[in-house]
Amino acid sequence: MASTMLSLASASASPSTSLALQNNRMTKLILGTSDHTTLWGTKKSNPFVKTKSRGQITMAVAVNVSRFEGIPMAPPDPILGVSEAFKADTDEMKLNLGVGAYRTEELQPYVLDVVKKAENLMLERGENKEYLPIEGLAAFNKVTADLLFGADNPVIQQQRVATVQGLSGTGSLRLAAALIERYFPGAKVIISSPTWGNHKNIFNDARVPWSEYRYYDPKTVGLDFDGMMSDIKEAPEGSFVLLHGCAHNPTGIDPTPEQWEKIADVIQEKNHIPFFDVAYQGFASGSLDADASSVRLFAARGMELLVAQSYSKNLGLYSERIGAINVLCSSADAAVRTKSQLKRLARPMYSNPPIHGARIVANVVGNPALFDEWKEEMEMMAGRIKSVRQKLFDSLTAKDKSGKDWSFILKQIGMFSFTGLNKAQSDNMTNRWHVYMTKDGRISLAGLSSAKCEYLADAIIDSFHNVK
Amino acid sequence: MLLLNMPQWDQDLNEEKPYCDIGITREYLVQGAYRDDNGKPVVLECVREAERRIAGNANMEYLPMGGSIKMIEETVKLAYGEDSHLIKDKRIAAVQALSGTGACRLFADFQKRFSPDSQIYIPVPTWANHHNIWRDAQVPQRTYHYYHPESRGLDFAALMDDIKNASKGSFFLLHACAHNPTGVDPSEEQWKEISYQFKVKGHFAFFDMAYQGFASGDPERDAKSIRIFLEDGHLIGCAQSYAKNMGLYGQRVGCLSVVCEDEKQAVAVKSQLQQLARPMYSNPPVHGALIVSTILGDPDLKKLWLKEVKDMADRIIGMRTALRENLEKLGSPLSWEHVTKQIGMFCYSGMTPEQVDRLTSEFHIYLTRNGRISMAGVTTGNVGYLANAIHEITKSG
């Protein structure tokens, strides 16, 4: 036992340190500084403490040291850690452009009216809190697939979509990753460069190999379409291609409809499987249908595909953790079997998914009046973001005398803008201007008010020109 | 097409299914979900009140990766004791988890990452999903003796042998109270001996506590096994769930805690637990956590909760007594002492799979084939029928 403990400690420490650790433990014991050693007095009444106990006591107490002694501190999360740093900042000019959570013009979190209405309805009905089935709330799964593909889409009519409620986008991606690991051993996922930071963690922890395809072109602050096509072609046949359905995170750069067609062509050629991450349906253009057009385009070609969906942003249900994994299969039978395997993966992760968010979604999306209201609120939120984009662009253009072209801000779509700032410049944004953003140069426009656009423009201009 | 060959998964027959009531002659005693004396699901009053207070106005921003701080604080108090010096000294690394399952899975993943050569010892029998959890986390499993079929009680001698024979520093999964599926718990004295032997061997104790409050009606008493280990200085791990004792089943709210040597280590361990959670679900769901912290943070609501938990536990204890008395009155040749000796939601009846099948086909009574009865589904309305059916099936010995 002692050797096991020390080997764990020495994994992250030099031999002399581990020896010191050992000495410290012994010292602790001799001095009896640990509370738990004082209880030995009571052991006299324990019939199992025999006369040989003296030797046993020393050894037994010696093993009450942590098994996890050598565990290092994990680094702060690059995205969620930003908000935590922001909270700690006391400067009054501070601005949180880190996490993709929508804020009002007053920079307050926003609970949608339809959500409040749905919750009150639920409260009145006084529903119970029984376990959902492993696959989640049936009503939720139905409206979710309908929302994504369109209720009258043939794939829905033909029952070819396996939908399982998941823990928002992350949880849905993780289920899909686990499915890939188990049923497509050796298959690779290719992901855009850059992509949402947590994608890599998900595939790493699920033990699915991944590599990157070119996506962002820093020269144009736009899409490197040729690079993307070439890299997708290069990938081994039958790879999974992770695509952002709309409002690419972190760049805000989406393919055009014509480019989507070509992407679908090359994926079909290589027998790849499209794997969509749809976290911003409605948030990109303001229209729920328009934002689903990439997914629907692929479905219309008869392709099999995976789609992870999230209601965190578009219904503001962030902390309820509500989303879904959809697998569009070639047959209804395959969909049934696939769904059963997704359940088998979910069961040892969390047994069954949380009910509250699912009920809210089912009540909003499944109720025509509330659904219409939701569409309006969606347009309002997306509209506010479009208008701050415009204001930011106007401020930058007016203030920046260098002639730099800032129009990429208007061309990008969704919550985020990839400013093109490098790490040092992003650090300057934080350290000098108290503007919190991720180190890849991404700013969340959802966290920007029109009142702060000019301040932000000053910060960006300073960082871009004065910091290398 | 790629998904054509996807095989079908048939659900484990022992798995809990959602409650369904089809016709008055069906008695569904399978799942571990509490029912009132009318056989209906229950939402506790304290929960309803908490929901009223939080509905429609709390914003829904992401919780920190480790979950709701308030909820975690209250939750560790329940397991470790309000005045625990471990809490004062900030030695407990704790994160909100997706109920008991999520807590166990996080721990299994943590064990895999930081003790990659270790295995987990799991009792026989145990909740079926325990095996799935450690398997999917890729931690090898071994078993230890637990249930003694002949006495329908604890096989204490074999259990102690297994503890002694396991190599030093092994990881053990222990059910803190109300063992699932047998309802057989060690006595206090037995727990002390187990704890002592764990010290001798330097084993790591991981407690799955899914029924605190539900077993005896008193949460403090139900945590006794854990407190014994803590007194002996063990640095334990613990999975807690509010599914049963607060009736929050579908909300998926629980907690994983790991006792560390000092505050610094607790901070490091917590950061690593968060690191495991991030690629699984990013951060945990808020609603259930808000309910828990609202209730436990308000003295009146907490008092109400304690009363409601006791009521639930008492009803089940009452049904155990009624079932046993009914069987004895019917003149059963067998001993049904175990029905009242066992504790918690489940009763390991000792019936064979064949007998269970007959119970279902002839009497429309649904149990899991290992003979486990969910006492939560037994009511004054059906206990007579149940006793009669069991007697019919088992009277020939």
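The numbering scheme is per chain: residues are counted from 1 as the chain's sequence reads. Chains and ligands are labelled sequentially in the order written, the chains with letters from A and the ligands with numbers from 1. The model is predicted, so local features are restricted to residues of pLDDT at least 70 and side-chain atom pairs to those at 80 or more, both for listing and for counting; the totals for chains, interfaces and linings are taken over all residues. Processing note: side-chain calculations cover all non-hydrogen atoms of the structure and skip hydrogens and water entirely.

## Regarding the packing of helix α8 (residues 168-183) of chain A against helix α10 (residues 263-281) of chain B
The description of two helices packed together rests on the angle between their axes and the distance between the axes. Working convention: axes come from line fits to C-alpha atoms, limited for helices to the stretch in contact. Angles between N-to-C directions cover 0 to 180 degrees. A helix here means a DSSP run of H or I that spans at least four residues, while a strand means a run of E at least two residues long, and both kinds are numbered starting from the N terminus. In the contact formed by α8(A) and α10(B), the axes pass within 6 Å of each other and the chain directions differ by 85°. Considering their axes alone, α8(A) and α10(B) lie roughly perpendicular with respect to each other. Contact residues: α8(A) offers A:Thr170, A:Gly171 and A:Arg174, while α10(B) offers B:Arg278, B:Pro279, B:Met280 and B:Tyr281. Gly is put with the polar residues, along with every residue not named as nonpolar or charged; the nonpolar set is Ala, Val, Leu, Ile, Met, Phe, Trp, Tyr, Cys and Pro, and the charged set is Asp, Glu, Lys and Arg. In terms of residue class, the contact of α8(A) with α10(B) is built from three nonpolar, two polar and two charged. These descriptions rest on fixed angle ranges, namely under 35 degrees for roughly parallel, over 145 for roughly antiparallel, 65 to 115 for roughly perpendicular, and the rest for oblique. We call two residues contacting when some pair of their heavy atoms lies within 4.5 Å.

## A few points about helix α12 (residues 299-329) of chain B
All names here are of chain B. Here α12 contains 31 residues, and its C-alpha end-to-end distance of 44 Å stays within 8% of the 45 Å for a straight helix at 1.5 Å per residue. Here a polar contact means two N or O atoms within 3.5 Å. Within protein one must be a hydrogen donor candidate and the other an acceptor candidate, and residues neighboring in sequence count only if both atoms are side-chain atoms. For α12, the capping residue at the N-terminal end is Asp 298, with a side-chain oxygen 2.8 Å from the backbone nitrogen of Asp 300. Once α12 ends, the next one or two residues include Gly 331, with phi positive near 80°. The span one expects for a helix is its residue count, reduced by one, times 1.5 Å.

## With respect to the interface of chain B and chain A
Of the residues lining the interface, 94 residues belong to chain B; the matching set on chain A comes to 98 residues. Buried area: the accessible area, evaluated with a 1.4 Å probe, that two parts lose upon being put together, summed over both parts. Together chain B and chain A conceal approximately 8700 Å² of surface at their shared face, both sides included; 57% is due to carbon and sulfur atoms. One side-chain nitrogen of Lys or Arg within 4 Å of one carboxyl oxygen of Asp or Glu is enough to make a salt bridge. The salt bridge involving A:Glu130 is made with B:Arg35; its shortest N-O contact spans 3.0 Å. Our count for the contact surface shared by chain B and chain A stands at 29 residue pairs in polar contact (both at pLDDT 80 or more). A total of 12 residues in the side of chain B that touches chain A trace back to one element, the largest contributor, which is α10(B). In terms of residue class, the side of chain B that touches chain A is built from 44 nonpolar, 30 polar and 20 charged.

## Details of the domain arrangement of chain A
Residues and elements named next belong to chain A. Start and end points for every domain follow an automatic or database-based domain assignment. In terms of domain boundaries, chain A breaks down into domain 1 (78-110 + 376-466) and domain 2 (131-366). Here the C-alpha centre of domain 2 lies 27 Å away from the C-alpha centre of domain 1. Listed as interface residues are 21 residues of domain 1 and, on the opposing side, 22 residues of domain 2. Between domain 1 and domain 2 lies a buried interface of about 1800 Å² when both sides are counted; carbon and sulfur atoms form 68% of it. In terms of surface lost to domain 2, no three residues of domain 1 exceed Met 378, Ile 413 and Phe 418, which account for 34% of the buried area on that side. Taken together, the connections running from domain 1 to domain 2 amount to zero salt bridges. There are four residue pairs in polar contact (both at pLDDT 80 or more) connecting domain 1 and domain 2. Every element with two or more residues in the side of domain 1 that touches domain 2 is listed here: α16 (368-399) and β11 (416-418). The biggest single contributor to the side of domain 1 that touches domain 2 is α16, with six residues. For the side of domain 1 that touches domain 2, the class distribution of residues is 12 nonpolar, five polar and four charged.

## As for the domain arrangement of chain B
Accessible area lost when the parts come together is the quantity often used to give the size of an interface. Residue and element names in this part refer to chain B. Under the domain assignment, chain B is made up of domain 1 (2-42 + 314-394) and domain 2 (62-297). The C-alpha-based centres of domain 1 and domain 2 are spaced at 27 Å. Contact residues are listed per partner, giving 19 residues for domain 1 and 18 residues for domain 2. Contact between domain 1 and domain 2 buries roughly 1500 Å² in total, counting both sides, with carbon and sulfur atoms accounting for 60%. Per-residue buried area on domain 1 facing domain 2 is highest for Ile 343, Phe 346 and Tyr 348; these three make up 36% of the total on that side. Scanning the region where domain 1 abuts domain 2 turns up zero salt bridges. If you look at where domain 1 meets domain 2, you find five residue pairs in polar contact (both at pLDDT 80 or more). Per element, the largest residue contribution to the side of domain 1 that touches domain 2 is three residues, and it comes from strand β11 (residues 346-348). Considering only residue class, the side of domain 1 that touches domain 2 consists of nine nonpolar, seven polar and three charged.

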